[in-house]
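The residues making up each chain are set out below.
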Amino acid sequence: AQARAAHAQRMQALGQLAGGIAHDFNNVLQAVQSGAEMIEMCCEEPETVQEFDRIVLDSAQRGMAITRRLLAFSRRGDLRAKPIDPVRLLDSMRDILAQTLGSPIAVRIETPPGLPAVMADRGQLETVLVNLATNARDAMPDGGALTLGAMPEDVRADAVHGMGLRPGRYVRLSIADTGTGMDPETLGRAMEPFFTTKSREHGTGLGLSMAKGFAEQSGGTLEIESAPGRGTIVTLWLPAADARTEAASEQTGPAPASGR
Ligand code: ADP
């Protein structure tokens, strides 16, 4: 019954997602259509044509961004999991993250030696980290610090984690900001698809739900700790690359429904 309830909840979330995507997509297509119409009408004026051409191109890009988000969220998203060294990944992303955050925000990376590789789709993981960094930036309008961390963690079969994780070795990738934090109500709803406290131009409400979907599809989970005025820590639990085969061979009970 619990599995059925979870499934129903997921279907509801997907239905909500599909509705919102259809709405966003329709707006994009409308912009493409009117841009193209204007180009047709103004074909004698090169400057106007260029202006509307920009609108068409921008809209096409927005449309593609929407589809990418949808793919990332849905189960059919093309996940190609491969072992990734978390230290190298975070180091390689330092520049892009610093750029995403802007200058008044310092980026720190804290990783212990000897971390295992994680099993995940690299492209999607990078997208998720950039999205999380964007949230951190929005929460720190007056500057602050962003700390990226990675820690190994063993989930034992007898441990009461209540997170639906299979026993095995994981790496917790965390993104901590010193921003506004969330009140309990916002925190309770933050991972819902389309939940946003931002304006329509700034927020889609998909960043955290997408991050959660990605973590779960990868065999991990997403955790958020936050308090008003204290900042936020978002933690992605990802399975260690070596633990995956161990977990599969020692598996004792039915695996949590993951479709893979
Ligand atoms: P969006 O960023 O488009 O609003 P998300 O799903 O990423 O969508 O986030 C949902 C909401 O959770 C945000 O609107 C914001 O209220 C809150 N939130 C997310 N990340 C943070 C953060 N790092 N600090 C404070 N609030 C956050």
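Please refer to the structure placed before this passage.
Residues numbered from 1 in each chain as written. Predicted model: local features only at pLDDT ≥ 70, side-chain atom pairs only at ≥ 80, totals over all residues.

Trainee: Even after reading the chapter, I still don't get the packing of helix α3 (residues 86-101) against helix α4 (residues 122-139), so can you show me in this structure?
Mentor: What describes two packed helices is the angle between their axes and the distance between those same axes. At a closest axis distance of 9 Å, the pairing of α3 and α4 adopts a crossing angle of 35°. At the point where α3 passes α4, the crossing takes the right-handed sense. Along its contact with α3, which presents Met93, Ile96, Leu97, Thr100 and Leu101, the element α4 presents Glu126, Leu129, Val130, Ala133, Thr134, Ala136 and Arg137. (Axes fitted to C-alpha atoms, helices over the stretch in contact; angles between N-to-C directions. Helix = DSSP H or I, 4+ residues; strand = E, 2+ residues; numbered from the N terminus. Left-handed = near helix turned anticlockwise from the far one by under 90°. Contact = placed C-beta atoms within 7 Å.)

Trainee: How do you make sense of the nonpolar core when you look at a structure like this?
Mentor: For soluble globular proteins, nonpolar side chains are generally found buried alongside one another. Counting residues in hydrophobic clusters, the biggest one holds 37 residues, and the most contacted among them are Leu132, Ala133, Ile175, Ala211 and Leu238. When contributions to this core are tallied by element, the ones reaching two or more residues are α3, β3 (118-121), α4, β4 (144-155), β5 (168-177), α6 (207-217) and β7 (231-239). Considering every element that reaches this core, the biggest residue donor is α4, with 6 residues. Not counting residues within four places of it along the chain, the set of residues in contact with Ile175 comprises Leu129, Leu132, Ala133, Ala136, Leu146, Leu148 and Val234. (Core = buried A, V, L, I, M, F, W, Y, C linked by C-beta atoms within 7 Å. Buried ≥ 20, exposed ≤ 12 C-beta atoms within 10 Å, placed from the backbone.)

Trainee: Help me out: how do you make sense of α4 in this one?
Mentor: Helical periodicity: at 3.6 residues per turn, an α-helix aligns residues three or four positions apart in one direction. With 18 residues, α4 ought to run about 26 Å at 1.5 Å a step, and its terminal C-alpha atoms sit 26 Å apart, in line with that. For α4, the complete set of buried residues consists of Gln124, Leu125, Val128, Leu129, Asn131, Leu132, Ala133, Asn135, Ala136 and Arg137. (Expected span 1.5 Å × (residues − 1).)

Trainee: What is the right way to read unusual backbone geometry from this model?
Mentor: Peptide bonds are mostly trans, and most non-glycine residues show a negative phi. With a phi close to 75°, Phe194 is a non-glycine residue in the positive phi region. Topologically, Phe194 is positioned in the loop between α5 (184-189) and α6. Taking the number of C-beta atoms within 10 Å as the measure of exposure, Phe194 has 17 and is therefore partly exposed.

Trainee: I keep staring at the packing of α4 against α6 and nothing clicks. Help me out?
Mentor: Following both chains from N to C, one finds α4 and α6 inclined at 145°, their axes separated by 10 Å at the closest point. Two packed elements cross with a definite hand, and for α4 against α6 that hand is left-handed. Contacts between α4 and α6 involve Gln124, Val128, Asn131, Leu132, Thr134 and Asn135 from the former and Gly207, Met210, Ala211 and Phe214 from the latter. Among the residues forming the contact of α4 with α6, the class breakdown is 5 nonpolar, 5 polar and no charged. (Nonpolar A, V, L, I, M, F, W, Y, C, P; charged D, E, K, R; others polar.)

Trainee: When you look at the sheet that holds β5 in this model, what are you seeing that I'm missing?
Mentor: Think of a sheet as strands paired side by side through backbone hydrogen bonds, with each pair either parallel or antiparallel. Pairing is mixed in the open sheet, where 5 strands are placed in the order β2-β4-β5-β7-β6. Each edge of the open sheet is held by one strand with a lone partner, namely β2 (105-110) and β6 (221-227). The sheet shows a mean angle of 20° between the axes of neighbouring strands, direction not considered. With 6 bridges connecting them, β2 and β4 associate as parallel partners. Its bridge partner lying in β4, Arg108 is registered against Thr147. With respect to the sheet, α4 is in contact with β2, β4, β5 and β7, its orientation differing from that of β5 by roughly 30°. Packing against the sheet, α6 makes contact with β6 and β7, and its axis sits at approximately 140° to β6. (Pairing = 2+ DSSP bridges.)

Trainee: Quick question: what am I supposed to make of the site of the ligand here?
Mentor: Near the ligand you find 22 residues, and of these Asn135, Ala139, Thr196, Gly203 and Gly207 are the closest. When residues of the shell around the ligand are traced back to their parent elements, those giving at least two are α4 and α6. Each residue belonging to the shell around the ligand can be placed in one class, and the counts come to 7 nonpolar, 13 polar and 2 charged. (Near = placed C-beta within 6 Å.)

Trainee: What's the story with the environment of Ile96 in this structure? I'm lost.
Mentor: Inspection of the secondary structure puts Ile96 in helix α3. Sequence separation between Ile96 and Leu146 is 50 residues, and the spatial gap between their C-alpha atoms is 13 Å.

Trainee: Even after reading the chapter, I still don't get α3, so can you show me in this structure?
Mentor: Residue Arg94 marks the point of greatest curvature in α3, where the axis turns by about 50°. Buried residues along α3 sit against β1 (81-84), β2, β3, α4, β4 and β5. Where α3 ends, the next residue or the one after it, Gly102, has phi of about 85°, a positive value. (Bend = angle between axes of the 7 residues up to and from the residue.)

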